Amino acid sequence: MSTIRAAVIGVGYLGRFHAQKYAAIPGCQLVAVADAQPETAKRVAAELGTSAVGDYRELIGRVDAVSIATPTPKHFEIAQALLRAGVHVLVRSPSPKPPCRPSS
């Protein structure tokens with residue numbers, strides 16, 4: 001079986017969990033993490049023994065699969081670019097809006 005090369009784009013609170021899981025899976029190599037905040041990417045990369053990239057497009061050609069855990073408005077742009085490059089994509093589900101509460 002070949003190793004799956006994975007990355008996580010957006011390593012804030014939830015993305016960091018995705019990165020931890022990829023790093024722990026036998027047969028999976030966490031190639032890199034990407035985040036719009038360079039210090040966040042560097043911190044998570046150091047924690048998990050991988051590299052940090054500043055632009056998700058740097059991952060094209062280096063990974064087989066990614067998790068996208070960025071803010072919801074960026075999901076489509078990032079997923080489209082990676083899917084067109086033949087990368088398998090998992091998009092973190094957006095957080096539901098809190099229910100409306102009728103005023104009393």
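Relevant structure appears above.
What counts as what
Residues take numbers from 1 onward in each chain, read along the sequence in its written order. The model is predicted, so local features are restricted to residues of pLDDT at least 70 and side-chain atom pairs to those at 80 or more, both for listing and for counting; the totals for chains, interfaces and linings are taken over all residues. Heavy atoms from the whole structure form the basis of all side-chain values; hydrogens and water molecules are not counted. Joining through side-chain atoms within 4.5 Å is the link that ties buried Ala, Val, Leu, Ile, Met, Phe, Trp, Tyr and Cys residues into a set, and such a set is a nonpolar core. Note on exposure labels: buried denotes an accessible area under 20% of the residue type's maximum, exposed denotes more than 50%, and partly exposed covers the range between, all computed with a 1.4 Å probe on protein chains only. Under the scheme used here, helices are H or I runs from DSSP no shorter than 4 residues and strands are E runs no shorter than 2 residues, and both carry numbers assigned from the N terminus. Two strands make a pair as long as DSSP finds a minimum of two bridges between them. Note on geometry: axes are C-alpha line fits, over the in-contact stretch for helices, and angles between N-to-C directions span 0 to 180 degrees. Contacts are assigned to residue pairs that have any heavy atoms within 4.5 Å of one another. Orientation labels follow simple angle bins: below 35 degrees gives roughly parallel, above 145 gives roughly antiparallel, 65 to 115 gives roughly perpendicular, and whatever is left gives oblique. A clockwise turn of the near helix away from the far one marks a right-handed crossing, whereas an anticlockwise turn of less than a right angle marks a left-handed crossing. Only Phe, Tyr and Trp rings take part, Trp by its six-membered ring, and two of them pair if their centres are within 6.5 Å. Stacked means planes under 30 degrees apart, edge-to-face means over 60, and tilted covers everything else. Any carboxyl oxygen of Asp or Glu that lies within 4 Å of a side-chain nitrogen of Lys or Arg is treated as forming a salt bridge with it.

Engineer: Give a description of the nonpolar core that names residues and reports values.
Structural biologist: If you look at the biggest cluster of nonpolar residues, it comprises 15 residues, and the most contacted ones within it are Ile 9, Leu 59, Val 63, Val 66, Ile 68, Ile 78 and Leu 82. Taken together, the elements giving at least two residues each to this core come down to strand 1 (4-9), strand 2 (28-34), strand 4 (65-68) and helix 3 (75-84).

Engineer: Which residues make up the sheet that holds strand 5 (residues 88-91), and what values do they have?
Structural biologist: An order of 3-2-1-4-5 is seen for the five strands of this open sheet, with the pairing classed as parallel. Of all strands in the sheet, those bounded by a partner on one side alone are strand 3 (51-53) and strand 5. Averaged over all neighbouring strand pairs, the angle between strand axes comes to 25°, with direction disregarded. Against the sheet, helix 1 (residues 13-24) engages strand 1, strand 2, strand 4 and strand 5, with an angle of about 165° to strand 1.

Engineer: Let's hear about the packing of helix 1 against helix 2 (residues 38-48): which residues, and what values?
Structural biologist: One way to put it is that helix 1 packs onto helix 2 with a least axis distance of 10 Å and a crossing angle of 25°. The angle between helix 1 and helix 2 places the two elements in the roughly parallel class. Helix-helix and strand crossings are classified by hand; for helix 1 and helix 2 the assignment is right-handed. Every residue of helix 2 that contacts helix 1 at Arg 16, Ala 19, Gln 20 and Ala 23 is listed here: Val 44, Glu 47 and Leu 48.

Engineer: So what's going on with the packing of aromatic side chains? Which residues, and what values?
Structural biologist: Each aromatic ring pair is described using two quantities: the centre-to-centre distance and the angle formed by the ring planes. Counted under the stated rule, the structure contains one aromatic pair. Geometrically, the ring pair formed by Tyr 13 and Phe 17 is edge-to-face, given 5.1 Å between the ring centres and 80° between the ring planes. One end of the pair is Tyr 13 and the other is Phe 17, both in helix 1 and four residues apart, which spans about a single turn. In this structure Tyr 13 comes out as exposed when scored by relative accessible area, which is 65%. Overall, Phe 17 belongs to the partly exposed group, its relative accessible area being 32%.

Engineer: Hey, could you go over the pattern of salt bridges for me, with residue numbers and the actual values?
Structural biologist: Pairs can form between side chains of opposite charge whenever their charged atoms are close. On inspection of all chains with the given rule, the structure shows five salt bridges. Across the pair Lys 42 and Glu 39 runs a salt bridge, and its minimum N-O distance is 3.8 Å. Note that Lys 42 and Glu 39 are positioned in helix 2 at a spacing of three residues, about one turn of the helix. With relative accessibility at 57%, the residue Glu 39 sits in the exposed group. Across the pair Lys 74 and Glu 77 runs a salt bridge, and its minimum N-O distance is 2.9 Å. By relative accessible area, Glu 77 is classed as partly exposed at 35%.

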